[in-house]
Amino acid sequence: MNRFLTKDFLSGLMFVAFGLAALYFGQHLAVGTPVRMGPGYVPRMLSLILLALGVVVCIVALVSGSEPVERPKWKPITLVTLGIVCFALLFERAGLIPSLVVLVMISSLAGEEFKLTEVLGNIVVLSILCTVVFKVGLGMNISVVQGIW
Amino acid sequence: MDLLDNLVLGISVAFTFQNLTYALLGCMVGTLIGVLPGIGPVATIAMLLPITFHLPPTASLIMLAGIYYGAQYGGSTTSILVNLPGEASSVVTCLDGYQMARNGRAGAALSISAVGSFFAGTIGTIIIVIFAEPLTRMAQKFGPADYCSLMALGLVAAVVLASGSITKAISMVFLGLLFGLIGTDVNTGAQRFTFDIPELSDGIDFAPIAMGLFGIAEIVVNLERHLERGGAIKVGSLWPTREEIRRSIPAILRGTLLGSLLGVLPGGGPTLGAFSAYTLEKKLSKTPGQFGKGAVEGVAAPEAANNAAAQTSFIPMLTLGIPSNAVMALMVGAMIIQGIQPGPEVMTKKPDLFWGMIVSMWIGNAMLVIINLPMIGMWVKLLTVPYRYLAPAILLFCCIGAYSLQNSTFHVMQVAIFGVLGYVFVKLGCEGAPFLLGLVLGPQMEEYFRRAMLLSRGDAMVFIERPISLGLLITTALLLVLMALPSIKKAREEAFQEEG
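Residues numbered from 1 in each chain as written. Chains lettered and ligands numbered in written order. Predicted model: local features only at pLDDT ≥ 70, side-chain atom pairs only at ≥ 80, totals over all residues.

Engineer: Honestly, the overall build of chain B in this entry has me stumped. Any pointers?
Structural biologist: Helices and strands together make up the secondary structure of chain B, namely 23 helices and two strands. What you see for chain B is a C-alpha radius of gyration of 22 Å, in line with the 23 Å of a compact globule of 500 residues. With the C-alpha coordinates of chain B rotated into their principal frame, the extents come out at 70 × 50 × 45 Å. For chain B, the proportion of its 500 residues judged to be buried stands at 61%. Taking as baseline every contact in chain B between residues at least 6 positions apart, the subset at least 24 positions apart corresponds to 80%. (Helix = DSSP H or I, 4+ residues; strand = E, 2+ residues; numbered from the N terminus. Rg over C-alpha atoms; globule rule 2.2 N^0.38 Å. Buried ≥ 20, exposed ≤ 12 C-beta atoms within 10 Å, placed from the backbone. Contact = placed C-beta atoms within 7 Å.)

Engineer: Quick question: what am I supposed to make of the overall build of chain A here?
Structural biologist: Within chain A, the secondary structure is distributed over five helices and zero strands. Its C-alpha atoms give chain A a radius of gyration of 24 Å, clearly above 15 Å, the size a compact globule of 149 residues would have. Expressed along its principal axes, the backbone C-alpha trace of chain A runs to roughly 60 × 45 × 20 Å.

Engineer: How should I be thinking about the nonpolar core in this particular structure?
Structural biologist: Nonpolar side chains tend toward joint burial in soluble globular proteins. Within the largest apolar cluster, 215 residues are counted, with the highest numbers of intra-cluster contacts made by Ile45, Ala210, Leu330 and Cys399 of chain B. Split by domain, this core shows at least three residues from each of two domains, domain 1 (7-64) and domain 2 (74-137) of chain A. Apart from the residues within four sequence positions on either side, Ala210 of chain B is in contact with Ala46, Leu49, Leu330, Gly333 and Leu436 of chain B. (Core = buried A, V, L, I, M, F, W, Y, C linked by C-beta atoms within 7 Å. Domains from an automatic or database assignment.)

Engineer: Would you mind going over the interface of chain A and chain B with me for this structure?
Structural biologist: By a widely used convention, the size of an interface equals the accessible area lost when the partners come together. Taken residue by residue, the interface counts 59 residues in chain A and 52 residues in chain B. When contributions to the side of chain A that touches chain B are tallied by element, the ones reaching two or more residues are helix H1 (7-25), helix H2 (41-64), helix H3 (74-94), helix H4 (96-109) and helix H5 (116-137) of chain A. Of the residues assigned to the side of chain A that touches chain B, the class counts are 38 nonpolar, 13 polar and eight charged. (Nonpolar A, V, L, I, M, F, W, Y, C, P; charged D, E, K, R; others polar.)

Engineer: How should the packing of H4 of chain A against helix H18 (residues 387-406) of chain B be read in this particular structure?
Structural biologist: Packed helices, taken two at a time, are described by their axes: the angle between them and the distance between them. The interhelical angle for the contact between H4 of chain A and H18 of chain B, taken along N-to-C directions, is 140°, at an axis separation of 9 Å. With respect to each other, H4 of chain A and H18 of chain B are oriented oblique. Taken as a pair, H4 of chain A and H18 of chain B cross one another with a handedness that is right-handed. Residues Leu100, Leu103, Val104, Ser107 and Ser108 of chain A of H4 of chain A lie in contact with H18 of chain B, whose contacting residues are Arg388, Ala391, Pro392, Leu395, Leu396 and Cys399 of chain B. (Axes fitted to C-alpha atoms, helices over the stretch in contact; angles between N-to-C directions. Parallel < 35°, antiparallel > 145°, perpendicular 65-115°, else oblique. Left-handed = near helix turned anticlockwise from the far one by under 90°.)

Engineer: Got a minute to help me understand the domain arrangement of chain A in this structure?
Structural biologist: According to the domain assignment, chain A consists of domain 1 (7-64) and domain 2 (74-137). The C-alpha-based centres of domain 1 of chain A and domain 2 of chain A are spaced at 39 Å.

Engineer: For this particular structure, what's the right way to read the confidence of the model for chain B?
Structural biologist: Detailed reading of the predicted model is not advised wherever pLDDT is low. All names here are of chain B. Here chain B averages 82 in pLDDT, while 93% of its residues score no lower than 70. Mean pLDDT values for the elements of chain B range from 58 in helix H23 (residues 486-499) up to 92 in helix H19 (residues 409-427). Among the scores for the predicted complex, ipTM is 0.92 and pTM is 0.84. (pLDDT = per-residue confidence, 0-100.)

Engineer: For this particular structure, what's the right way to read unusual backbone geometry?
Structural biologist: Negative phi is the rule for most residues except glycine; trans is the rule for most peptide bonds. All names here are of chain B. At Phe195, a residue that is not glycine, the phi angle is positive and equals roughly 50°. Mapped onto the elements, Phe195 comes out in the loop between strand E2 (191-192) and helix H9 (206-225). In the Ramachandran plot, Asp196 falls in the positive-phi region, its phi being about 60° despite a non-glycine side chain.

Engineer: Explain the packing of helix H2 (residues 17-34) of chain B against helix H4 (residues 57-82) of chain B here, please?
Structural biologist: All names here are of chain B. Where H2 contacts H4, the two axes come as close as 6 Å, and the packing angle between them is 35°. Here H2 and H4 pass one another in a crossing that is right-handed. For the contact of H2 with H4, the per-class residue count stands at 17 nonpolar, 12 polar and no charged.

Engineer: Is there a simple way to think about the confidence of the model for chain A in this case?
Structural biologist: On average, residues of chain A score 87 in pLDDT, and 99% of them are at 70 or above. Of all secondary-structure elements in chain A, the lowest mean pLDDT belongs to H5 of chain A, at 85, while H1 of chain A reaches the highest, 93.

Engineer: How do you make sense of the environment of Ser90 of chain B when you look at a structure like this?
Structural biologist: Residues and elements named next belong to chain B. Note that Ser90 resides in the loop between H4 and helix H5 (91-102). Along the chain, Ser90 and Thr319 lie 229 residues apart, while their C-alpha atoms are 27 Å from each other. Aside from chain neighbours lying at most four places away, what touches Ser90 is Gly75, Ser76, Ser79 and Pro85.

Below you can see the structure in the form of structure tokens.
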């Protein structure tokens, strides 16, 4: 199994997957002729090349081996992504401060140390800073707390 | 004398109060973010892109250039003081810079690096001024087929010179090209890969991609690695000793020369310049044993080289519209967003922008020295702020920045998605830079390709029949063949191992 869990083999697979996806989602685009290329001509060409390159990367990785993939730590990437997604969902509905609190809370959990007092302090400082810079200073058209300011 | 007129025009643009302010602001913010450990120039520029978009084109490019220098300078500061390089080009500075800091010569290392960078930046700017016009004139003779081949050469060369595995990097270019196609097809109006999302029909936005791919992914990787830093930082006297000056002057000169030359090459840029300069100094030195133990030449030469290269890498971007590394790809993206198509027309159609930017490059370099050396104490304080405070703050600014692009949370979502993709790239050892180059050049390359094929009535031979195009393609092929040769391949792998 370890032969397959290498950086190069998995990258190859990723390229193949992207190539196939591009072919699939681009299948309705007209290819046209070399003189009058349709919107699908170049995408089709690129997807096929990417597919071929992906296969080559896979084969080379299997034949000559490659570095094993480091085990990913799920916590940072999951929490950071979650934080940004929450921010995106909350920003227009609830305003700057609520989304800021959620983002800073969640992303602080991603680190190794989490001390509630420190995080709260960080939130206070950032709230003031962002309100002053973005709302007052740059005059961005955003609400600090939806419905209030 | 044309050159003088141009310079006068440039000076008149760059020395307006507004543009001076933006240059200053760019340098400051760039240093501010660049000095944060583990964040290199690409990430810094990617994260700060949104703040420049609302400015007029000239001001925004001046500010971006300022951010670039600031970020690079900030990177050297972290390398010297805490041994945490932000990106590959400052890895070399760590070797001797950090040792100098441990010997109590941090101040001297910082000021030599600043003065060396300034000198190199000045020479680099002069080189741009001299070569910009002839190169542009040459580029104006290019037809669509030639352009297509030129871009192919630029992409391949960038990949070959700057990345680890060639096949993977080329695949990344193609992946980037594919992503670049997202949006409405210019010729037919057909929707391509837009999945009925209205925000995608204008083409995929490049800023959130860069922010996610470089900014977010970098933060996550730093969080994983759990950045540590050692003890209190003492800067000491900023004045180098007479002996240090005597030894660094020739090193700065050689570094500048080497850096300027290598910077022009596609994929050259600061990293290659810094590494070669370090190796050269070590070879020329009478006391090579001192390198790695705090040799002042080991700081002066690579710092001068990376700054010279940072300057001259603007040449292919400004004259031909071909970005040679990730930073230049970001610049191209920023120009396109400002409605300027990078290429030879920029100089003829927008001379004020072109020459104003060049002059302000020099101003930016001067500002760095003047402002940053006295402010070094402040940057040092910033270095002592724990990462657990910084990471959420940076994330927050990225999110607000992404939102401000078009007042849409869709862009924030995009940042999240490309953050994950960027993380996958890092884990799989796939470089983000080739992807970004492909993404930026994709739409233009398709355009040129289709136009060339239309003009030749569908005959692909046009790429071989036109002498310029043929020459460029032969060079491209030669590069690829060269890299496949066993001896070169081995040397190259060794060079990259040293880097990593």
